[in-house]
Amino acid sequence: WHPAVLRTIEIVGKNAQGKPLGVCGEAAADPLLAAVLIGLGVNSLSMASNSIAEVKSFIANQDLGKCQNVAKEILKTKNAIEAKELAVKLYN
């Protein structure tokens, strides 16, 4: 959730030029963070099988434009706590 890490992912996403950009592990398993990652250009998420249904369900109810807009707002935050709190607010 740290904005500096998310900004790095955004830079990679902008420069991936259609190439696969994946995130795996606990970050991909968090439905809110998965949506933010998609908004930053991530196009592949890998997680433990017990997380797939929840993430899939959440992502299925979002559109790419919203994910991108939320991601832009998250990048303006100062720390991980503020970023996650804003995501909760914007997705609820």
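Model, not experiment: these values are computed from the prediction. (Residues numbered from 1 in each chain as written. Predicted model: local features only at pLDDT ≥ 70, side-chain atom pairs only at ≥ 80, totals over all residues. Heavy atoms only, no water.)

I tried to follow the nonpolar core on my own but got confused; where do I start?
Note on soluble globular proteins: their nonpolar side chains tend to be buried together. In this structure, W1, L6, V36, L37, L40, I74 and Y91 are the most contacted members of the largest nonpolar core, which totals 26 residues. Residue assignment for this core shows that the elements contributing at least two residues are α1 (3–15), α2 (26–29), α3 (31–39), α4 (49–60), α5 (64–74) and α6 (80–91). With 6 residues, α3 is the single largest residue contributor to this core. Excluding residues within four positions of it along the chain, V36 makes contact with W1, L6, V70, A71, I74 and Y91. (Core = buried A, V, L, I, M, F, W, Y, C linked by side-chain atoms within 4.5 Å. Buried < 20%, exposed > 50% of the residue type's maximum accessible area, 1.4 Å probe, protein only. Helix = DSSP H or I, 4+ residues; strand = E, 2+ residues; numbered from the N terminus. Contact = heavy atoms within 4.5 Å.)

Sorry, what's going on with the side chain of Q62 here?
Looking at the element boundaries, Q62 is found in the loop between α4 and α5. By relative accessible area, which is 17% here, Q62 ends up buried. Within the local environment of Q62, its side chain forms a polar contact with the backbone oxygen of F58, the two atoms lying 3.4 Å apart. Ignoring anything within four residues of it in the chain, the contact list for Q62 reads C67 and Y91. (Polar contact = N/O pair within 3.5 Å; in protein donor to acceptor, adjacent residues only side chain to side chain.)

Looking at this structure, I do not really get the pattern of salt bridges. What am I missing?
Close approach of charged atoms lets side chains of opposite charge pair. Under the defined criterion, the tally for this structure stands at 3 salt bridges. With a closest N to O distance of 3.4 Å, E10 and K14 form a salt bridge. With a gap of 4 residues between them, E10 and K14 both fall in helix α1, about one helical turn apart. The exposure class of K14 is exposed, given its relative accessible area of 62%. Residue E73 pairs with K76 through a salt bridge whose shortest N-O separation is 3.1 Å. (Salt bridge = Lys/Arg side-chain N within 4 Å of Asp/Glu carboxyl O.)

No statement about biological role is implied by the geometric values presented.
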